[in-house]
Amino acid sequence: MKRQSIPQIIACVADAPLNEWCIKQQIPCFPYQKRASLDPILSFRIRQLCRQQDITHIHAHDSHAHTFAFVAASIFGNQTPILLSRRVDFPIKHSFFSHLKYNHSSIRKIICVSHSIKRVISPVIKDSDKLTVIHSGIDVSRFQVEADDSLRATYQLNPNAKIIINVAALSVHKDHATFIRTAERLLQQRNELVFFIVGGDAGSEQDIEALIEEKGLNDHIFLTGYRTDIPNLLRQADVFLFTSKEEGLGTSVLDAFAAQLPVVTTAAGGISEMVVHHETGYLAAIGDDKELATGVTRLLEDNEQRLSYIRAASQLLTTEFTHQKMASTTIALYRTVI
């Protein structure tokens, strides 16, 4: 939007990374102190900002932002249209407040990042014309890096070891238990495999570590913690194994596409909108460690299949899932609302 000279103000938590980024990029921002998920004072300030700056629309990017904007409209009479992004494939809560704020007249569009999310929330939305799908996109240029050998060096791996990697926050819905069971099954067939779980703790780290210990896989499965060098790590791996049981879209899969890494994954949420079975990757049912292990084995043994997946995934990524396409489609939607 800045490059197209479209005026904007980004409302964000004061002193948060986004606030710091806006200042660095010289993008106007409206910093606020986040006191609670329901904050009438902040909602009133949003109404004032919209009137003073002649704001044409509000784009709310999470549930708290949605609530702030909804209260500004319903309680304080803000007339600015609201667009809402929905990135999770959880059903909308069956409560009066949730139904009210999702169906309020101020909500002009609900942007789902996958068709899966649209299907999940559509029963609650009275006006289905408000629902639209704009897939999330990634910055492909981030992955134009030369991989080093840091994983092998840091963990003292055998030069012939095959690396299977997962990148996801350590939370229940990412289902790392299925990843560990898949690793266990694969290691019963071949012992040259090493598995990496990359991601910060979101409540499940201790359970994951306990399961690895219970199965005696400490020498084969490693937790790296939160990392900022994802492109480099993916470039060093042989297969991306993603085992989520709930996923709005799953942009970690797109990262693997960009890193030229073949993908084996569950068909959770919007993943099947990126991974077409036997075309752009290998799909298995949620929790099916046997089928996931089959997919990994095939990609390790069949180089022609591996290269076929990589080529098809790269083509799909560059045509449908770039951040440029996401941005241009979103801006076009803004104009229709205005």
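Remember, it's a predicted structure, so these values are computed and weren't measured experimentally.

1. A closer look at the overall build of the protein chain
Counting its secondary structure elements, the protein chain contains 13 helices and 12 strands. In terms of overall dimensions, the protein chain is globule-like: its C-alpha atoms have a radius of gyration of 22 Å, near the 20 Å expected for 338 residues. Projected onto the principal axes, the alpha-carbon positions of the protein chain cover approximately 65 × 40 × 35 Å. Across the 338 residues that make up the protein chain, the buried fraction comes to 49%. As displayed, the protein chain has an accessible area near 16,800 Å², and 50% of this comes from carbon and sulfur atoms. Both charge centroids of the protein chain, one from 35 positive and one from 36 negative side chains, sit 10 Å from each other.

2. A look at the sheet that holds strand β8 (residues 193–198)
Ordered by their spatial adjacency, 6 strands build an open sheet running β9-β8-β7-β10-β11-β12, and the pairing between neighbours is parallel. Of all the strands in the sheet, the pair left with one neighbour each is β9 (221–225) and β12 (282–284). The sheet shows a mean angle of 20° between the axes of neighbouring strands, direction not considered. The sheet contact formed by strand β7 (residues 162–167) and strand β10 (residues 239–242) spans 2 bridges and is parallel. Residue Ile165 lies in a different strand from β10, and its bridge partner there is Phe240. Each of β7, β8, β9 and β10 touches helix α7 (residues 176–187); the most contacted strand, β8, lies at about 170° to it.

3. Considerations on unusual backbone geometry
Of note in this structure, Asp54 is not a glycine but carries a positive phi near 55°. Here Asp54 lies in the loop between α2 (40–53) and β3 (58–60).

4. Comments concerning the sheet that holds β3
Strand order in the open sheet made by the 4 strands is β3-β4-β5-β6, with parallel pairing throughout. A single partner strand is all that each edge strand has here, and the edge strands are β3 and β6 (131–133). With direction set aside, neighbouring strand axes in the sheet form an average angle of 25°.

5. Comments concerning the nonpolar core
Inside soluble globular proteins, nonpolar side chains tend to come together where they are buried. Counting residues in hydrophobic clusters, the biggest one holds 61 residues, and the most contacted among them are Ile110, Ile165, Leu234, Phe240, Phe257 and Met274. In terms of residues, this core owes the most to one element, helix α10 (residues 251–258), which gives 5 residues. Membership of the second largest hydrophobic core comes to 26 residues, among which are Leu170, Tyr282, Ala293 and Leu299.

6. As for the pairing of strand β5 (residues 107–112)
Pairing analysis gives 5 bridges linking strand β4 (residues 82–86) to β5, with the strands arranged parallel. Each residue of the ladder has a partner; that of Leu84, found in β5, is Ile110. What joins β4 to β5 is helix α4 (residues 96–103), and the crossover it makes is right-handed. Here 3 bridges tie β5 to β6, and the two strands are oriented parallel to one another. Bridge pairing in β6 links Cys112 to Val133. In this fold, β5 hands off to helix α5 (residues 115–121), which returns the chain to β6; that crossover is right-handed.

7. Re the pairing of β4
Among the 5 residues that make up β4, 5 are buried, leaving the element largely enclosed by the rest of the structure. Of the two faces of β4, both are covered, the one formed by Ile82, Leu84 and Arg86 as well as the one formed by Leu83 and Ser85. Pairing of β3 with β4 involves 3 bridges; the strand directions are parallel. When the bridges of β4 are listed, His59 appears paired with Leu83. This β-α-β element, β3 to helix α3 (residues 63–74) to β4, shows right-handed connectivity.

Reading the values: the criteria
Sequence order as written defines residue numbering, which begins from 1 separately in each chain. Totals for whole chains, interfaces and linings use every residue, but because this is a predicted model, local features are given only for residues with pLDDT of at least 70 and side-chain atom pairs only at 80 or more, for both listing and counting. With hydrogens and water stripped out, all remaining heavy atoms of the structure feed into the side-chain values. The numbering of helices and of strands both runs from the N terminus, where a helix is a DSSP run of H or I of at least 4 residues and a strand a run of E of at least 2. For a compact globule the rule gives 2.2 Å times the number of residues to the power 0.38, and the radius of gyration it is set against comes from C-alpha atoms. The buried label goes to any residue with under 20% of its type's maximum accessible area, the exposed label to any with over 50%, and the partly exposed label to all in between, with areas taken from a 1.4 Å probe on protein chains only. Areas reported as accessible are Shrake-Rupley estimates using a 1.4 Å probe. Residue values count occlusion only from the protein chains shown. Two residue types count as positive, namely Lys and Arg, and two as negative, namely Asp and Glu; His and chain ends fall outside the count. By convention, the point assigned to a charge is CZ for Arg, NZ for Lys, CD for Glu and CG for Asp. Two strands are said to pair when DSSP picks up at least two bridges between them. To get an axis, fit a line to the C-alpha atoms, keeping to the stretch in contact for a helix; angles then go from 0 to 180 degrees between the N-to-C directions. Any pair of residues with heavy atoms lying within 4.5 Å of one another is described as a contacting pair. Working definition of a nonpolar core: buried Ala, Val, Leu, Ile, Met, Phe, Trp, Tyr and Cys residues. They are joined through side-chain atoms within 4.5 Å. A crossover gets the label right-handed when its path from the first strand over the helix to the second runs clockwise, viewed with the strands pointing away from the viewer.

Just distances and angles here, no functional claims.
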